[in-house]
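One-letter residues, chain by chain:
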Amino acid sequence: MAALGGPVRTLRALLRELRHAAGRSYRDSPAYRHVLAAFRAHRVTSEKLCRAQQELHFQAATYLCLLRSVREHEALHREYHGRGERSPKEVAGLVGFRLPQQPGGKG
Amino acid sequence: MSSVAMWRGCRRLWWAHSPPARLPRPPPAAAGSCPVGPCGRRAYAPPAERKRFYQSVSISQGEGGFEINLDHRKLKTPQAKLFTVPSEALAIAVATEWDSQKDTIKFYTMHLTTLCNTALDNPTQRNKTQLIRAAVKFLETDTVCYRVEEPPALAELQKNEWDPVVSWAEKRYNVTIGSSTSILGPNIPASTKETFVSHLASYNMWALQGIEFVITQLKSLILSMSLIDRHITVEKAVLLSRLEEEYQIRRWGNVEWAHDYDLCELRARTAAGTLFVHLCSESSTVKHKLLQD
């Protein structure tokens, strides 16, 4: 079985990620409610080794990894890759020029 | 015709229900000094991103499964089929992806949506046998079977990290795989391939698309199977897949805009693929146990 740590920790981190993803009304989002309901449903069990609980924990950890890495990937993309090409006005401004103004359009 | 205009045409196909977005033309005064395509846009500018055009995302249950609603419009695949998924948890995850887009829609972050679209449309038009064959073919060039002889530190690292996974796979599936340092790779016996073929045949078409996706990302059949069998976590699988890179990073240093970028993207895709496989191949029932005092 994969080394996952405690389910409480995974649940807390997952809910935090969902909060980042959803924004203001994160508590009403279907994902938040589904995750909480799933964790509550699998909590009460008399068995010591509950396969369904471990499956759920693994799925939660996988989803947490997905949300976290998407967020980090987007942040890295924004910082290093998102700029795109400069407009002609910005290029001219780099060397201190301004584009000519032709009120009548190009001749 | 410029590729930009063709690409915009494809985009129009995607959103069958919403009106085509008109991109603003740049002012003609500035157009003199740069190459301008037939649509009036600069030839090398990235295509303008689609703005978020919906307020709320919700899920509804239809006949084929669960559907996603953007405001009141139903989501469709790129080939204009209705977007239906068999599992509610998967629908919720896709809806969360759509809901988490702010201002502009970044399709490259929506991995689960992409996987569902691929499963629904099947653009490469492969049937189950072809998918399984493509997946098992990776075994001949599996990452964890290719070992180096030098530098000795890397060879040692590969032995310590990859050997346990290979022996786990051999024990779990009752096959011989082995590893090799030659350029031709390990000699995989036909019985091993047949075992994997018959094992993969037990998954449905959607799960198989996910499995093949994970194998393509990790470049390893063995790592993908150990991930899907919940033997290792996603982070560990990605680490094992990138073992040599991690070794070089530890030796020569980390470049954030390349190494971390690739790492996050690989983790995101692998996690999406694994989650997709698990959600497509499970059926959960809740059995309430009677309280016995």
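What counts as what
Residues numbered from 1 in each chain as written. Chains lettered and ligands numbered in written order. Predicted model: local features only at pLDDT ≥ 70, side-chain atom pairs only at ≥ 80, totals over all residues. Heavy atoms only, no water. Helix = DSSP H or I, 4+ residues; strand = E, 2+ residues; numbered from the N terminus. Contact = heavy atoms within 4.5 Å. Disulfide = S-S within 2.5 Å. Buried < 20%, exposed > 50% of the residue type's maximum accessible area, 1.4 Å probe, protein only. 1 Å grid on protein atoms, 1.4 Å probe; cavity = no way out; pocket = protein on both sides within 12 Å on 5 of 7 lines; lining within 4 Å. Points joined across faces, edges and corners; volume = space filled by probe spheres on them. Nonpolar A, V, L, I, M, F, W, Y, C, P; charged D, E, K, R; others polar. Polar contact = N/O pair within 3.5 Å; in protein donor to acceptor, adjacent residues only side chain to side chain. pLDDT = per-residue confidence, 0-100. Phe/Tyr/Trp six-rings, centres within 6.5 Å; stacked < 30°, edge-to-face > 60°.

Focus on the environment of Ile222 of chain B
Residues and elements named next belong to chain B.
Point 1. Looking at the element boundaries, Ile222 is found in helix 8 (residues 221–228).
Point 2. It is 23 Å that separates the C-alpha atoms of Ile222 and Ala119, two residues lying 103 residues apart in sequence.
Point 3. If we ignore the near neighbours within four places in the chain, the residues touching Ile222 are Leu139, Asp142, Val144, Cys145, Val165, Ala169 and Ile177.

Examining the state of the cysteines
Point 1. Using the criterion set out here, one finds zero disulfides over all chains in the structure.
Point 2. Between Cys65 of chain A, a cysteine without a disulfide, and Cys264 of chain B, which holds the nearest cysteine sulfur, the sulfur-to-sulfur distance is 9.2 Å.

Re the environment of Lys171 of chain B
All names here are of chain B.
Point 1. Here Lys171 shows up in helix 5 (residues 152–173).
Point 2. Overall, Lys171 belongs to the exposed group, its relative accessible area being 69%.
Point 3. Residues Lys171 and Cys145 lie 26 residues apart in sequence; the distance between their C-alpha atoms is 16 Å.

Points about empty space enclosed by the protein
To locate leftover empty space, one rolls a probe as large as a water molecule over the atoms.
Point 1. Evaluation of the coordinates by the stated rule reveals two cavities of 30 Å³ or more.
Point 2. What lines the second largest cavity is simply Leu4, Phe58, Ala61 and Thr62 of chain A together with Thr233, Val234 and Glu235 of chain B.
Point 3. For the lining of the second largest cavity, the elements supplying multiple residues, two or more each, are helix 3 (51–81) of chain A together with helix 9 (234–241) of chain B.
Point 4. It is helix 3 of chain A that provides the largest number of residues to the lining of the second largest cavity, a total of three residues.
Point 5. Partitioning the lining of the second largest cavity into residue classes produces four nonpolar, two polar and one charged.

Some points on the side chain of Thr77 of chain B
Residue and element names in this part refer to chain B.
Point 1. Assignment of secondary structure puts Thr77 in the loop between strand 3 (73–74) and strand 4 (84–85).
Point 2. Look at Thr77 and you get buried, because its relative accessible area is 0%.
Point 3. Polar contacts involving the side chain of Thr77 include one to the side chain of Asp121, which spans 2.9 Å.

Section: the confidence of the model for chain B
Regions with low pLDDT should not have their predicted coordinates read in detail.
Point 1. For chain B, per-residue confidence averages 83 on the pLDDT scale, and residues scoring 70 or more make up 80% of the total.
Point 2. Prediction confidence for the complex, expressed as pTM and ipTM, is 0.80 and 0.80 respectively.

Quick word on the packing of aromatic side chains
All names here are of chain B.
Point 1. Summed over the entire model, instances satisfying the criterion amount to seven aromatic pairs over all chains.
Point 2. When the ring of Tyr54 is compared with that of Trp98, the centres are 5.9 Å apart and the planes differ by 65°; the resulting orientation is edge-to-face. Within this pair, whereas Tyr54 is found in the loop between helix 1 (3–14) and strand 1 (57–61), its partner Trp98 is found in helix 2 (residues 88–99), the two being separated by 44 residues in sequence. In terms of burial, Tyr54 and Trp98 fall into one category: buried.
Point 3. Ring geometry for Trp98 against Phe107: centres 6.5 Å apart, planes inclined by 80°, an arrangement best described as edge-to-face.
Point 4. A residue is classified by how much of its surface remains accessible, and Trp98, at 1% relative accessible area, is buried.
Point 5. Among the aromatic side chains, those forming a connected cluster through ring pairs are Phe53, Tyr54, Trp98 and Phe107.

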